[in-house]
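Here is how the chains run, residue by residue.
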Amino acid sequence: MKEKVFIFVALPYANGPLHLGHIAGAYLPYDAFRRFMILTGREVVSASGSDEHGTPITIKAMQEGISPKEIATKFHNVNSDIFKRMNIEFNAFIETSSDLHKMVVKDFITKLIDKGYIYEGNMIQPFCPHDNMFLPDRYVKGKCPKCGYENARGDQCENCGATLEPSELINPVCILDGYTPEFRETKHLFFKLSSFQEDMEKFISERKYWRDNVLKYSRNFISQGLKDRPITRDLDWGVDIPFPGYERKKIYVWFEALIGYITGTVQALNDYNGALEHWKDKKIRHYYFMGKDNIPFHSIIWPAMLMAEGEYTLPYYVAANEYLNFQGEKFSKSGGVGISMPKLLESYNSEYIRFGVFYNLPEGHDSDFSLEEFQNKVNSELIDKFGNFVNRALILSFKKGKINRDQIAQSQRDTEAEKFMRDSLKSIINNMENVNIREAFKVWLELARYSNIYITERKPWEACKKDDANCLASIYTSMKIVFTLAVSGQIFLPETSRKLLSWLGYNEPVMLHEDLDYPVAHVLQKPEKLFEKIMSKSLNVSLKVARVMDVMDHPNAEKLYLLDLDLGEEKRRIISGIKDSYTRDALVNKKIVIVSNLKPAVIRGEKSNGMLLAAEEDGKVHLVLAPEEAIPGSEIKIGDYNIINEEISIEEFKRHEIVTYEKDGDIIPALHENNSFIPLTINGKNLTIDGKVSKGIRIK
RNA sequence: AGCGGGGUGGGGUAGCCAGGAAAUCCCGACGGGCUCAUAACCCGUAGACCGGUGGUUCAAAUCCACUCCCCGCUACCA
């Protein structure tokens, strides 16, 4: 009978599209592990879903004038699509606003109430009379009573680090509308987490095989003493509470989202009672994947909830990853750092993205993702090393025709290569078994590198001219390695592996085990290229031509202008500090160049949607100008860069050094990179600089 | 302020928890080889006193103490 395994991933919050950090931190490692479990013969049930309730979604909905459900559904669909395109698969991907989930939660909580782990208590909560709602602690800000910092949040002061209650703040205000909140007493249900102090200590001490980061966080969390936690909130978007007197409240999201794992199991098996029976089956191992911020919820709180429930199986493994940063900074949608998955998928093949993430998996510690390194690694390691070896072997084998195992006698070098291959395979399996996905991946890649050396040393192309024995043995051994790479590669690069296997005549997934059998080397059709190299480099800087329509003085700033710009289809207003160098009349109708994908900024009370390019020398500003015939709104070309047009922060823009550069006697703007200068052009013509400037001046 | 991560050849990294001969891999530089292969592949050379100081040890990039930098989190977000 097949071993059963449950694999879960933290539910993504449905208030925005996932970015690469989420994918690397949880979903892709999960997907590799799930594929591995299936390929090694386990019967897998896996689940995740959209976490759709909670205040942030209701607020976003209010701001956009639509219902919370619409927001949730929108991002549920966006994220489902991302998973599909990334080949990240689930047996069930639920929505927490579904009837099924509400039913599961209700049953779960009822059981906890019956067993006495839920009690009623009162707490003082800030209430905004203007919005007519209770506010989460962090939605209140005011002066810190400890250090006097003006912008302290209701839960903690960022300046001195003090943990606060919203009611302690001096002059508290609601961050949504600035009104002063009232403090009202409100009753809530509490989960008796405190009664699991000893059980949790024991639970954690029994899980020495977990990763260090998880153990550290968990021990730290427990040692501070487990406190009871409220599990209800004064909200109208969430799961109802099956308890009299709570008709106008909902379950707090953290409590309810965790129960989504049970909902997911029910949905995957399509059998309510059957799924719950499986949850009671202690022989089934439960694996959880998540980012590090989610550790205590999965290593402490959820296990405690399960202990309270009494019958369900506790987590076997909690795999938390660290963070993937983007070019040195944390991914942040709102801060304009990083690229969203939809954009990334527009530019790159999902297999490349998977490769790039596995290569840099933030398993033991934070790691960094930069587009440049990503392309470099895809080109040099995936395509040059792996792709090329596979291609060499396939072509040799295709030309030679079918080779049967009985036909060959391996040389010592062949046996040595085969041993290396076997050891690699064992190591991949072993590492995957212990959820060391990064290491497993490295071993897989190392096998490809080794194999290039092997095939170069054996020179089948030469051997085949002399004697058949060496020719056949070396080709057959090479193909054995290709087969091994393809089979084990199904974990990481499913499409590439599927393609490879089909060329070898395997049209179904091939199960993974230490004694892979490959009796006949036979390449059915002339092999195609597995990969195309990433040729164009990407740059997330969108520069556009803009015609100045009107110029006004900034109402609250002496040195600033407001410029109304014509960008073809679009009109924009930007703010610029060029009053000392340009009069209003000198500006009107000029064709200037702006950074169009900058995150809008508010400067002295006026909103600026972009920034113009100019060089400043000796206090005088020189505008970057587009040729007279340039069409407003058209995009500037920067060498052969592929321009990604995604909102960026000013800091990120400033990393790109645009300078004045002398070419054929003219001073023109160019991007300075790796000691070379790439001119900015439009329709093949260089941009110009207004007035006389020296070369090498920074443009900003 | 608290918590977390990091400082290793020109750039990016592995190794550190379980200390041990020549510190890994990719890019880049230089020289050579090969031609089955996707301007690939293979070999070789130069280049790192492993942030600093002190300690433990026969032995430290690796353990301990102190110290100096960097970055992230403590806003909705892994």
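### Quick word on the nonpolar core
The nonpolar side chains of a soluble globular protein tend to be buried with one another.
So, step 1. Phe191 and Trp302 are the most contacted members of the largest nonpolar core, which totals 162 residues.
So, step 2. Domain assignment of the residues forming this core places at least three in each of domain 1 (4-110 + 256-346) and domain 2 (370-503).
So, step 3. Beyond its immediate stretch of four places on either side in the chain, Phe191 contacts Leu112, Tyr117, Ile118, Phe196, Asp228, Arg229, Ile231, Phe255, Ala304, Met305 and Ala308.
So, step 4. Ranked by size, the runner-up nonpolar core spans 29 residues in total, among them Leu543, Val545, Val593 and Ile699.

### Quick notes on the confidence of the model for chain A
So, step 1. Across chain A, the average pLDDT comes to 88, with 95% of residues at 70 or higher.
So, step 2. Scoring of the predicted complex yields 0.88 for pTM and 0.92 for ipTM.

### Examining the domain arrangement of chain A
Quoted interface sizes are often the accessible area lost when the parts come together.
So, step 1. Looking at the assigned domains, one finds that chain A contains domain 1 (4-110 + 256-346), domain 2 (370-503) and domain 3 (539-689).
So, step 2. Between domain 1 and domain 2, the C-alpha centre-to-centre distance is 35 Å.
So, step 3. Listed by partner, the interface residues are 17 residues for domain 1 and 12 residues for domain 2.
So, step 4. Interface of domain 1 and domain 2: buried area, both sides summed, is about 1300 Å²; carbon and sulfur atoms make up 70% of it.
So, step 5. Considering only the side of domain 1, the residues that lose the most area to domain 2 are Phe36, Leu39 and Gln327, jointly responsible for 35% of the buried surface there.
So, step 6. Where domain 1 meets domain 2, there are one salt bridge.

### Some points on the sheet that holds strand β4 (residues 118-128)
For sheets, the rule is that strands pair by backbone hydrogen bonds, running either parallel or antiparallel.
So, step 1. One open sheet accounts for four strands, arranged β5-β4-β9-β10; its pairing is antiparallel. Because the sheet does not close on itself, it has two edges, and the strands there are β5 (133-134) and β10 (229-230).
So, step 2. Alignment of β4 against β5, held across two bridges, turns out to be antiparallel. Residue pairing in the sheet places Phe127 in a bridge with Phe134 of β5.

### What to know about the state of the cysteines
Formally, a disulfide is one covalent bond, and it connects the sulfur atom of one cysteine to the sulfur atom of another.
So, step 1. Overall, the coordinates contain one disulfide when judged by the stated rule.
So, step 2. Residue Cys464 pairs covalently with Cys471 via a disulfide, S to S 1.9 Å. Between Cys464 and Cys471, the disulfide has an S-S torsion of 75° and is therefore right-handed.
So, step 3. Here Cys464 falls in the partly exposed class, since its relative accessible area comes to 27%.

### Comments concerning unusual backbone geometry
So, step 1. The phi angle at Asn87 is positive, at roughly 60°, despite the residue not being glycine.
So, step 2. The residue Asn87 is located in the loop between α3 (68-85) and β3 (92-95) in this model.
So, step 3. Here the phi dihedral of Asn683 falls at roughly 50°; this positive angle occurs in a residue that is not glycine.
So, step 4. As for its placement among the helices and strands, Asn683 is situated in the loop between β34 (676-682) and β35 (685-686).
So, step 5. Among the residues examined, Asn683 registers a relative accessible area of 69% and is labelled exposed.

### Considering the packing of aromatic side chains
So, step 1. Within this structure, the stated rule accounts for 50 aromatic pairs.
So, step 2. Note on Trp254 and Phe255: the rings are 5.4 Å apart at their centroids and 90° apart in plane angle, and the pair reads as edge-to-face.
So, step 3. A residue is classified by how much of its surface remains accessible, and Phe255, at 0% relative accessible area, is buried.
So, step 4. Grouped by ring-pair contacts, the aromatic residues Tyr27, Tyr30, Phe33, Phe83, Phe90, Phe93, Tyr209, Tyr287, Phe289, Tyr316 and Tyr317 constitute a single cluster.
So, step 5. A cation sits over an aromatic face here: Arg233 above Tyr252, 4.4 Å from the ring centre.
So, step 6. Sitting above the plane of the Tyr582 ring, Lys620 keeps its charged end 5.6 Å from the centroid.

Cut-offs used in this document
- Along each chain, residues carry numbers from 1 onward, in the same order as the chain's sequence is written.
- Both sets of labels track the order of writing: A upward for chains, 1 upward for ligands.
- In view of the model being predicted, local features appear only for residues whose pLDDT reaches at least 70, and side-chain atom pairs are presented and counted only at 80 or more, with totals across whole chains, interfaces and linings using the full set of residues.
- Hydrogens and water molecules were not included; the side-chain quantities draw on all heavy atoms of the structure.
- Residues grouped as a nonpolar core are buried Ala, Val, Leu, Ile, Met, Phe, Trp, Tyr and Cys residues, joined through side-chain atoms within 4.5 Å.
- Buried means the residue's accessible area, taken with a 1.4 Å probe over protein chains only, is under 20% of the maximum for its type, while exposed means over 50%, and partly exposed covers the values in between.
- In this entry, domain limits derive from an automatic or database-based domain assignment.
- Should any heavy atoms of two residues lie within 4.5 Å, those residues are considered in contact.
- Per residue, pLDDT captures the predictor's confidence, and it can take any value from 0 to 100.
- Defined here as a combined quantity, buried area equals the accessible surface (1.4 Å probe) lost by two parts on assembly, summed across both.
- Salt bridges are defined by distance alone: a side-chain nitrogen of Lys or Arg within 4 Å of a carboxyl oxygen of Asp or Glu.
- DSSP bridges decide pairing: two strands pair if at least two such bridges lie between them.
- Segments assigned H or I by DSSP are reported as helices when at least four residues long, segments assigned E as strands when at least two residues long, and all are numbered from the N terminus.
- When two cysteine sulfur atoms lie within 2.5 Å, the pair is treated as a disulfide.
- Only centres within 6.5 Å qualify two rings of Phe, Tyr or Trp (six-membered ring in Trp) as a pair; their planes then separate them into stacked at under 30 degrees, edge-to-face at over 60, and tilted for everything else.
- Here, over-ring charges are defined by two tests on the NZ atom of lysine or the CZ atom of arginine: distance to the ring centre within 6 Å, and angle to the ring normal within 35 degrees.

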